[in-house]
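Observations on chain architecture
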Amino acid sequence: MVIQKEMIAEHYERLERAPQTGEPVVYTFVPGNLTELIRSFGCLPLLPEINALQSGMRGKSRDYIAEAEKHGHSEDVCTYVKCDIGMALAGNIGPTGTKLPKPDLLLLSYTGCYTFMKWFELLREQYDCPCVFLHVPYQGDGVIEPEHREYMVKQIRELVIPALEKISGRKYDEDALRERLQLSVQAEDDLVWVLESAKNTPSPIDAYFGAVYYVGPIFSAFRGTAEGVAYYQALRREVQERLDAGLGPVAPAGPLDNQKYRLVVEGPPNWTHFREFWQMFADEGAVVVASTYSKVGGTYDFGFRHNPADPLGTLGDYCAGCYTNHNLPNRIDMLCQYLRDYKADGFLINSVKSCNSFSAGQLMILREVEKRTGLPGGFIESDLVDPRYFSAANIKNRLESYLQMVEARRAGGSREARAS
Amino acid sequence: MSRTAIIEWASGIYEDLEFTTVRQWLADHPGRKACGYLPVYAPREVIHAAGMLPVGIHGSGNIEIIRGDAFYQSYICHLPRSIVEFAQSGRLDMLSAVLFPSTCDVIRNLSGMWQILFPDMYVRYLDLPQVADPALGTEFWRRELEVVRRELGRVAGVEVTDARLRASIALYNEVRAIIRQLYALRSEKPWQVPTEELYLLMRAGELVGPEVFLEKAREYLTAAQSDDQRVRDRTRVIITGSFCEQPPLGLIKTIERAGCYIVDDDFLAGNRFLTGDVSLEADPTTALAEALVKGAVKTSVLYEPDPEGKRNLMKNRVAAARADGIIFAAASFCDPALLDRPMLRDGAEKAGIPCIAFKFAENSGQFQQFREQAGTFSDSIKLWGDA
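None of the values given here were measured: they were computed from a predicted structure. (Residues numbered from 1 in each chain as written. Chains lettered and ligands numbered in written order. Predicted model: local features only at pLDDT ≥ 70, side-chain atom pairs only at ≥ 80, totals over all residues. Heavy atoms only, no water.)

With respect to the interface of chain A and chain B
For clarity, the threshold we go by: Contacts are assigned to residue pairs with any non-hydrogen atoms lying within 4.5 Å of each other. The term buried area means the drop in 1.4 Å probe accessible area that two parts suffer when joined, counted for both and summed. For this analysis, a salt bridge means a side-chain nitrogen from Lys or Arg found within 4 Å of a carboxyl oxygen belonging to Asp or Glu.
Taken together, the contact pairs 58 residues of chain A with 52 residues of chain B. When chain A packs against chain B, close to 4800 Å² is buried across both sides, 56% of that on carbon and sulfur atoms. Taken together, the links from chain A to chain B amount to 10 salt bridges. Lys359(B) is the partner of Asp76(A) in a salt bridge, and the nearest nitrogen-oxygen pair spans 2.9 Å.

Pasting the structure below:
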């Protein structure tokens, strides 16, 4: 945690100094981010979703959203967008208190979320800067079609790279990109090891609340960097130590060693009440052993690794493979696999109002996963960064009821086992 | 057929929640099949060339939702609820295929739901080309069209030859031409073409074959051109933001009766998505692809590569339609329309164009608030428009 905080603080300080140092700043999104490519041009990535979620965690999002709504943004739409726009309207002070630079380029990696398109159209209006569009086809049939991969590679080669060359004044250096991709692989291996450590009982990690910290560096600015590699090596060592000692993760109010329930969670967390939300699980002895949200920036645990031998093709594969770019049948398969592989007691869906990419269809996912696995599913509703949609009493009530259901199923299962 | 009879015919199709027209078509054409498509844009030419009936699935505010709500949280728009209701109640069983365009994430995810709910039906998600580069976009979309062409041919048991596709393109060029004429007449003389009537005609066109639609539309156009109606003192407005989930007919009537002439709109925008004729000279799939990439209407569901595009769009539309103001009418929770609105409205207001905005749902039943808003808007323009 300390290492990560230092990394992030240093990155934001570097961003603040960018207008003076001349390092070009590229705004982009978490899913389908081309961090290695951006960094290979000496540019600094900045991710508006990260700023928004950080604003939510720091209690700033309510005012930012209100500011955006005052400027004509509908109450119905994504609160990440409004939080980001509100933050810019309020002076663009970032999550660590530093002034954020304007983008030299908006790299619109259109992966798994319609709203991304509008978000950067809106930011283009605000910053009057160039925007390059990378269209990542959705896996409508559940696979990355070869022609789609080729289409992405062509776009990266013919549109994205020239745009980066223009703002950086540097030529594309494929060897530099390969080196960064090699670093990515190392970090990815260690991240997967950490996430899969939750297959142990007790789990040494929380793969939802804890995992949002674990995926932070790799999903944002540090994939393909030496710092990123060092971070994941340190994280792996720490988790190994916990595993050896038979310890659980550390929840907000202390260690979670008495793990009564092993859950899989679908959907993003709520950020405005993140600690309170996590503690509700911990209070009940519930540990999350796998989550889909921790795959929005890459489904590494299903085998994907960046491939330095095919630098542009692998970037295409990466973009198309992010969780929300998978169709619903794939998402259901993933959840079923997690329930099986992680020996979970059941699964919970946190459905957030802001994100139709995640949320539209989740009620069907709930029924389908229950049907296929026979395990109980629970459904709670909140939002990403709009505190108006977090009802603590309601969520706690639903969580408790759900866990009672898990308990009842267990008792029923035991009775059946005894009877047979 | 008289104008009144045409509108009664169209109204009957609009109000029929059982898709009787489609079922009748299938009964009249043994061995042929029907292919549904969701808003906003799907290449109907390809469906038609496969010998299938293109069926627009636009939801409805008139159907009682029993099963549809069990699939969607309260913060998701109404459209997929009524569509799921239609499907779950067996009303769409006559379809052999459904195309889901990349309109938004709700429709996108519905494609996956459909794959699970109806495993025997052909389902294709249509990822419209978003990239700014025309060559790349055309190449991508051409390939997508080839897949749809091949797959629909397989479903229909028909080889979709170039000749078949070209013939369908020619037919739809005629459809587009008559729609352009109807819209032009409505813009020129809105008292001759009430939007209520135009909308019903367009809506019927989503469920009958293009041949039938052409016949009715031509008859209607002839009647509307010759039928002298009383010119009223109304404000000329553009309605925008209703390209996907459709407003209830009552809302359209309410706006016109509150003192507005609707002189441009984006209702059922898929039938005007290609702004010009598709070439009959080139390879037909390439021609269709190019028509979209180079000549698609400016809409919220496609990326706008021109930085000035959003700022100027409404100004240009207002000028073309000689409108006095804009009503931004979006469906509740419609991401494309509502995320676009601040940009479009800002551009319009900077150009001095009066605007109002409201939200609706396809099942909105109370129109009083819309009447008051539209009426006040119209009055304010008439009273102080030149001030």
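Moving on from the model shown.
What to know about helix α15 (residues 362-373) of chain A
Operational definition: Numbering goes from the N terminus for both helices and strands, where a helix is a DSSP run of H or I of at least four residues and a strand is a run of E of at least two. How far a helix is expected to stretch is found by multiplying one less than its residue total by 1.5 Å.
Counted at 1.5 Å a residue, the expected span for α15(A) with its 12 residues is 16 Å, and the 16 Å between its end C-alpha atoms agrees. Gly374(A) lies just past α15(A) and shows a positive phi near 75°.

Topic: a negative patch on the surface
Residue and element names in this part refer to chain A. For clarity, the cut-off: To count toward a patch, a residue needs a relative accessible area above 30% and no salt bridge. Like charges then connect within 9 Å, nonpolar side chains (Val, Leu, Ile, Met, Phe, Trp, Tyr) within 5 Å. Only the protein chains shown count as covering a residue, and every accessible area follows the Shrake-Rupley method with a 1.4 Å probe. Counted as positive: Lys and Arg. Counted as negative: Asp and Glu, with His and the chain ends omitted from the count. For this purpose, a charge sits on NZ of Lys, CZ of Arg, CG of Asp or CD of Glu. Each residue's exposure class comes from its accessible area (1.4 Å probe, protein chains only) as a fraction of the maximum for that residue type: buried when under 20%, exposed when over 50%, partly exposed otherwise.
A cluster of like negative charges, contributed by Glu 10, Glu 13, Glu 16 and Glu 227, occupies part of the molecular surface. By residue number, the principal contributor to the negative patch is helix α1 (residues 2-21), which donates three residues. Assessed through its relative accessible area of 34%, Glu 10 is described here as partly exposed.

A few points about the sheet that holds strand β4 (residues 122-126) of chain B
Residue and element names in this part refer to chain B. To keep things clear, this is the line we draw: Two strands are counted as paired when DSSP detects at least two bridges linking them. Note on geometry: axes are C-alpha line fits, over the in-contact stretch for helices, and angles between N-to-C directions span 0 to 180 degrees.
Spatially, the four strands line up as an open sheet ordered β2-β1-β3-β4, and their pairing is parallel. The sheet is open, and its two borders are formed by β2 (53-56) and β4, each paired with just one other strand. Between one strand axis and the next, the sheet turns by 25° as a mean value, whatever way the strands run. Two elements, strand β1 (residues 34-37) and strand β3 (residues 95-101), share four bridges in a ladder whose sense is parallel. From the neighbouring strand, Cys 35 faces β3, where its bridge partner is Ala 97. Strands β3 and β4 of the sheet are contacted by helix α5 (residues 105-117), whose axis makes an angle of about 150° with β3.

So, the side chain of Glu197(B)
Residue and element names in this part refer to chain B. Test applied: In the analysis that follows, any N or O atom pair within 3.5 Å is treated as a polar contact, provided that within protein one partner can donate a hydrogen and the other can accept it, and provided that, for residues neighboring in sequence, both atoms belong to side chains.
Its place among the elements puts Glu 197 in helix α8 (residues 195-205). A polar atom in the side chain of Glu 197 sits 2.5 Å from the side chain of Tyr 220. Among all residues touching Glu 197, those that are not within four sequence positions of it are Arg 3, Ile 7 and Tyr 220.

Side note on the sheet that holds strand β3 (residues 105-110) of chain A
Residues and elements named next belong to chain A. Within the open sheet, the four strands sit side by side as β2-β1-β3-β4. Their pairing is parallel. Of all the strands in the sheet, the pair left with one neighbour each is β2 (44-46) and β4 (131-135). Between one strand axis and the next, the sheet turns by 25° as a mean value, whatever way the strands run. As defined by bridge partners, strand β1 (residues 25-27) adjoins β2 across three bridges and the pair is classed as parallel. Bridge assignment links Val 25 to a residue of β2, and that residue is Leu 44. In the packing of α1 onto the sheet, contacts are made with β1 and β2, and the angle to β2 comes to roughly 105°.

Some details on the packing of aromatic side chains
Pairs of aromatic rings are described using the distance from one ring centre to the other and the angle between the two planes. Residue and element names in this part refer to chain A. The condition that has to hold: Pairing of aromatic rings covers Phe, Tyr and the six-membered ring of Trp, with a centre-to-centre limit of 6.5 Å; geometry is then stacked below 30 degrees between planes, edge-to-face above 60, and tilted otherwise.
Across all of its chains, the model carries 39 aromatic pairs over all chains by this definition. Ring centres of Phe 209 and Trp 278 lie 5.6 Å apart, and the angle between their planes is 10°; on these two criteria the pair is classed as stacked. Of this pair, Phe 209 sits in the loop between α8 (174-196) and α9 (211-219) while Trp 278 sits in helix α11 (residues 274-283); the two residues are 69 residues apart in sequence, bridging distant segments of the chain. With respect to class, Phe 209 is no different from Trp 278; both count as buried. On the basis of an interplanar angle of 40° and a centroid distance of 6.0 Å, the ring pair of Phe 304 and Tyr 318 is categorised as tilted. Note that Phe 304 is positioned in the loop between β8 (286-291) and α12 (311-321) and Tyr 318 in helix α12, a separation of 14 residues in sequence. By relative accessible area, which is 17% here, Phe 304 ends up buried. Take Tyr 318: its relative accessible area is 1%, and that puts it in the buried class. Taken together through their ring pairs, the aromatic side chains of Tyr 208, Phe 209, Tyr 213, Trp 271, Phe 274, Phe 277, Trp 278, Phe 281, Tyr 293, Tyr 323, Phe 358 and Phe 390 make up a single cluster.

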